[in-house]
Amino acid sequence: MIEIRAVTKSYDDGRPALSDLTLTVEQGEALAVLGASGSGKSTLLNLVAGLDRPTDGTVTVAGTRVDDLSETALARYRRARVGMVFQFFNLLDDLTVIDNVLLPAQLSRVPRREARDRAEELLGKLGIFRHAKVFPGRLSGGERQRVAVARALMNRPPLLLADEPTGALDTASAADVRDLLTTLNAEGQTMLLVTHDTALADACATRTIELADGRITRMVSR
Ligand SMILES: Nc1ncnc2c1ncn2[C@@H]1O[C@H](COP(=O)(O)OP(=O)(O)O)[C@@H](O)[C@H]1O
Ligand SMILES: [Mg+2]
């Protein structure tokens, strides 16, 4: 599903954020990426998400050379092929829950009725249907992250990416999001999780890698 080959990412100065990194993620895996702050975790995620390009090497996702895409093709790739979840949810606070979840379908011009059916199905599945018409500001952190996951899954992406999805949550909400991600992976969703939360990695990951200074220093499979 993901093939990263000899990837280096350098910013203007200093040592590279990622150094000659090679990594393969199979369909159905949940890969957790651990590592200290500044070790390159978000950089790795951003390259897979097509939000940034490597300085060297190749990134292939579901057969597509992501590092090679034009800006237009990248935008389409991000809409259709990956769903992203962030530490601070990144929901639009002046849209209702269901309108947040509908957004990716609208951007992809999915017919209205079909999109609404899909959004309602997801809200039901993720246990937040009763909040469909409220604004995200009214919800707990755990509920907001469920909305963000629903939005990420709206266009049925082959790959779910998450950057510290439990990083801003209290203990109970973090456990809730852990359970959700574990269930989604058990149902076959391939995912790449960047996290400090070893409980998340322990609960959810089929494989865990650790980064230090942009290199893989440890790999543990379940
Ligand atoms: N846009 C950027 N410009 C310059 N340096 C960056 C940028 N993004 C990340 N870095 C640097 O790259 C390294 C890895 O960062 P990052 O991938 O965000 O680490 P992590 O997510 O593990 O905390 C850090 O040294 C960081 O300062
Ligand atoms: Mg980070």
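It should be emphasised that the depicted structure is a prediction, and the values quoted were computed from it without experimental measurement. Along each chain, residue indices are assigned from 1 in the same order as the chain's sequence is written. Going through the entries in the order they are written, you letter the chains from A and number the ligands from 1. Local features in this predicted model are restricted to residues whose pLDDT is 70 or higher, and side-chain atom pairs enter the listing and the counts only when it is 80 or higher, whereas totals over whole chains, interfaces and linings include all residues.

Chemist: Please clarify how the overall build of the protein chain should be interpreted in this entry.
Modeler: A helix here means a DSSP run of H or I that spans at least four residues, while a strand means a run of E at least two residues long, and both kinds are numbered starting from the N terminus. A count of helical and extended segments in the protein chain gives seven helices and ten strands. The quantity called the radius of gyration is restricted to C-alpha atoms. Its globule counterpart is 2.2 Å times the number of residues to the power 0.38. Its C-alpha atoms give the protein chain a radius of gyration of 17 Å, near enough to 17 Å, the size a compact globule of 222 residues would have. With the principal axes as the frame, the protein chain shows a C-alpha extent of 45 × 40 × 30 Å. With 222 residues in all, the protein chain has 44% of them scored as buried. Using C-beta atoms placed from the backbone, we call a residue buried if 20 or more other C-beta atoms fall within 10 Å of its own, exposed if 12 or fewer do, and partly exposed for counts in between.

Chemist: Help me understand the packing of helix H3 (residues 97-107) against helix H5 (residues 141-153), please; the structure alone is not making it clear to me.
Modeler: Axes are the key here: two packed helices are described by the angle between their axes and the distance separating the axes. Fitted lines through C-alpha atoms serve as axes, helices being fitted only where they are in contact, and the angles separating the N-to-C directions of these axes extend from 0 to 180 degrees. Relative to each other, H3 and H5 sit at 30 degrees, their axes nearing to 7 Å. When the axis of H3 is compared with that of H5, the two are roughly parallel. Here H3 and H5 pass one another in a crossing that is right-handed. Across the interface between the two elements, Val 97, Asn 100, Val 101, Leu 103 and Pro 104 from H3 touch Val 147, Ala 150 and Arg 151 from H5. Only Asp, Glu, Lys and Arg are considered charged, only Ala, Val, Leu, Ile, Met, Phe, Trp, Tyr, Cys and Pro nonpolar, and every remaining residue, Gly among them, polar. Here the residues of the contact of H3 with H5 are counted per class, giving six nonpolar, one polar and one charged. If an angle is under 35 degrees, it is roughly parallel; if it is over 145, roughly antiparallel; if it lies from 65 to 115, roughly perpendicular; otherwise it is oblique. Less than a right angle of anticlockwise turn of the near helix away from the far helix marks a crossing as left-handed, whereas a clockwise turn marks it as right-handed. Think of it this way: build a C-beta for each residue from its backbone, and any pair within 7 Å is a contact.

Chemist: In this structure, what is going on with the sheet that holds strand S3 (residues 30-35)? I would like to understand it.
Modeler: Backbone-to-backbone hydrogen bonds pair the strands of a sheet. The strands run either parallel or antiparallel. For two strands to be treated as a pair, DSSP must find at least two bridges joining them. One open sheet holds the six strands; their spatial order is S6-S7-S8-S3-S9-S10, and the pairing between them is mixed. Two strands bound the open sheet, and with one partner strand each, they are strand S6 (82-85) and strand S10 (215-221). In this sheet, neighbouring strand axes are inclined to one another by 15 degrees on average, regardless of whether the strands run parallel or antiparallel. In this sheet, strand S9 (residues 207-212) lies alongside S3 in parallel orientation, the contact comprising five bridges. Within S9, the residue paired with Leu 34 across the bridge is Glu 210. Taken strand by strand, H5 contacts S6 and strand S7 (159-163), and its axis lies near 165 degrees from that of S6.

Chemist: So what exactly am I meant to see when it comes to the site of ligand 1 here?
Modeler: For each residue, a C-beta atom is positioned from the backbone; the residue is called near a molecule or strand if that atom sits within 6 Å of it. If you check the shell around ligand 1, you find Tyr 11, Ala 17, Gly 35, Ser 37, Gly 38, Ser 39, Gly 40, Lys 41, Ser 42 and Thr 43 and nothing else. At three residues, helix H1 (residues 41-49) tops the list of elements feeding residues into the shell around ligand 1. The class makeup of the residues in the shell around ligand 1 is two nonpolar, seven polar and one charged.

Chemist: Can you walk me through the UniProt feature "domain: ABC transporter" (unreviewed entry) in the protein chain in this structure?
Modeler: UniProt positions are given in the numbering used here, feature names are shortened, and annotations may be inferred rather than shown by experiment. Look at the UniProt record and you will see "domain: ABC transporter" (unreviewed entry) annotated at residues 2-222. For residues 2-222, helix accounts for 36% and strand for 26%, while the C-alpha atoms at its two ends are 19 Å apart.

Chemist: Would you mind going over the sheet that holds strand S4 (residues 56-61) with me for this structure?
Modeler: Overall, antiparallel pairing links the four strands, which are arranged S2-S1-S4-S5 in an open sheet. For this open sheet the edge positions go to strand S2 (18-25) and strand S5 (64-65), each flanked by a neighbour on one side alone. Where strand S1 (residues 2-9) lies against S2, five bridges are found, and the strand directions are antiparallel. For Lys 9, the partnering residue across the bridge sits in S2 and is Leu 18. Contacts from H1 reach S1, S2 and S4, with the element oriented near 125 degrees to S1.

Chemist: Can you walk me through H1 in this structure?
Modeler: Every α-helix winds through 3.6 residues per turn, so residues three or four apart in the chain are directed the same way. Among the nine residues of H1, eight are classified as buried, and the element is accordingly described as predominantly covered. Within the span of H1, buried status applies to Lys 41, Ser 42, Thr 43, Leu 44, Leu 45, Leu 47, Val 48 and Ala 49. At the exit of H1 stands Gly 50, carrying a positive phi of roughly 75 degrees.

Chemist: How should the packing of H3 against helix H4 (residues 112-125) be read in this particular structure?
Modeler: Direction vectors running N to C along H3 and H4 enclose 135 degrees, while the axes themselves pass 9 Å from each other. Taken together, H3 and H4 sit at an angle that is classed as oblique. Every pair of crossing elements has a handedness; the one defined by H3 and H4 is right-handed. For the pair formed by H3 and H4, the contact residues are Ile 98, Val 101, Leu 102, Ala 105 and Gln 106 on the first element and Ala 115, Arg 118, Ala 119, Leu 122 and Leu 123 on the second. For the contact of H3 with H4, the residue count by class is eight nonpolar, one polar and one charged.

Chemist: Just checking my understanding: could you explain the pairing of S9 for this structure?
Modeler: Look at any regular strand and the pattern is simple: side chains alternate between the two faces of the sheet. Sheet topology places S9 next to S10; six bridges connect them, and they run antiparallel. When the sheet's bridge partners are listed, Ala 212 is paired in S10 with Arg 215.

Chemist: Can you help me understand H4 in this one?
Modeler: Over its 14 residues, H4 extends 20 Å from the first C-alpha to the last, a length consistent with the 20 Å expected when each residue adds 1.5 Å. Residues of H4 that are buried: Ala 115, Arg 118, Ala 119, Leu 122 and Leu 123. Along the axis of H4, the buried residues cluster in a sector spanning 135 degrees; they form a single face. Exposed side chains of H4 directed beyond 90 degrees from the buried face belong to Arg 113, Glu 114, Asp 117 and Glu 121. Note on H4: the residue one or two positions beyond its end, Gly 127, has a positive phi of about 75 degrees. One less than the residue count of a helix, multiplied by 1.5 Å, gives the span that helix is expected to have. Summarising the geometry, the arc corresponds to the directions from the helix axis toward the C-beta atoms.

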